[in-house]
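An overview of the molecular structure
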Amino acid sequence: MSATERLYYQDSRLLEFDARVIGLSELDDGQIAVTLDRTAFYPTGGGQPADTGMLGDARVVDCIDAEDEGVLHVIQGPAPEIGDRVHGTIDWLRRLDHLQQHTGQHILSAAFVQLFDAPTLSFRVLEHECEIDVALVEPTDERIEQAVDRANQIIWQGRPISIRLVTAEEAATLPFRKEPARAGDLRLIEIGDFDLTPCGGTQRTGSDSLHGWSSRARRLSQSKSNRS
Ligand SMILES: [Zn+2]
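All of the points below concern the structure found in this document.

Criteria and thresholds
- Residue indices begin from 1 for each chain and proceed along its sequence in written order.
- Since the coordinates come from a predicted model, pLDDT governs what is reported: local features require at least 70, and pairs of side-chain atoms require 80 or more to be given and counted, while whole-chain, interface and lining totals use all residues.
- Whether two strands pair comes down to DSSP finding at least two bridges between them.
- What counts as a helix is a DSSP run of H or I of at least four residues, what counts as a strand is a run of E of at least two, and both are numbered from the N terminus.
- Here an angle of 0 to 180 degrees is reported between the N-to-C directions of two axes, which are lines fitted to C-alpha atoms, with helices fitted over the stretch in contact.
- In a helix, the anticipated span is given by 1.5 Å times the number of residues less one.
- For this entry, the nonpolar core is defined as buried Ala, Val, Leu, Ile, Met, Phe, Trp, Tyr and Cys residues connected by C-beta atoms within 7 Å.
- Residues are called buried when their C-beta atom has 20 or more other C-beta atoms within 10 Å, exposed when it has 12 or fewer, and partly exposed otherwise; all C-beta atoms are positioned from the backbone.
- Two residues form a contact once the distance between their C-beta atoms, set from the backbone, is within 7 Å.

1. Some thoughts on the sheet that holds strand β5 (residues 53-55)
Strands sit in the order β2-β3-β7-β6-β5-β8 around a closed barrel of 6 strands; the barrel is antiparallel. Adjacent strand axes in the sheet meet at a mean angle of 45° when their direction is disregarded. Here 3 bridges tie β5 to strand β8 (residues 85-90), and the two strands are oriented antiparallel to one another. What sits directly across from methionine 54, in β8, is threonine 89.

2. Focus: helix α1 (residues 92-116)
If you check α1, its first and last C-alpha atoms are 35 Å apart, about what 25 residues at 1.5 Å a residue would give, namely 36 Å. Following α1 by one or two positions, aspartate 117 adopts a phi angle in the positive range, close to 55°.

3. Brief notes about the sheet that holds strand β11 (residues 161-166)
Here we have 3 strands laid out as an open sheet, ordered β11-β12-β13, and antiparallel in their pairing. Two strands bound the open sheet, and with one partner strand each, they are β11 and β13 (195-198). Pairs of neighbouring strands in the sheet enclose a mean axial angle of 20°, with direction left out of account. Both strand β12 (residues 186-191) and β13 contribute to a ladder of 4 bridges, which runs antiparallel. For glutamate 190, the partnering residue across the bridge sits in β13 and is leucine 196.

4. Concerning the nonpolar core
With 22 residues, the main nonpolar core has Ile107, Leu108, Ala111, Phe112, Ala147 and Ala151 as its most contacted residues. Top element by residues in this core is helix α2 (residues 141-156). It accounts for 6 residues. In contact with phenylalanine 112, not counting residues within four places along its chain, are Ala118, Thr120, Val134, Leu136 and Ala147.

Encoded structure:
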């Protein structure tokens, strides 16, 4: 079990929280990393970059997933001491951009699977756009546009998006778009009657639409990898 309770698993909208400092360390590059008993900061992983923000009076410039050892918050500025209570604040515009991109990626990846049986091999949430590598046979502009149109339809329909945790036994009975990368209990992202995928990232939830995201899908990068 991780030393840090990951508040972002349950609530992608949580932007402020209080926590206790349980560890301090110096990284190879000399920067200070703070470990907390709980955090809303998302650490880099699963194609999604880390959150930034404030921890007390210090700036959080990066977050590293040290798995069982918890989330390491790389800070610049005054370091707290072990045992201190600290207040954390996430940079919400960056978080909002990441979760829109990530949920949008799920929708577009599902569209490629449903239309062309073309799985997503990898993806990267970047500063302003998301790159998705799709194993699409005949990656013509027309086929890509079809998938983008399908994704945009789903977005405009404003389908509910929910996050839930399931046991390994329950997971074994569910039709996932992609197989889980890990064993044990799973966190699932469900996009109303369209997509069901295991994922640990921050996501847009509720019945909010992703209208702001839809036009970005046209920047989709075309995969060079063709798999039959
Ligand atoms: Zn995901």
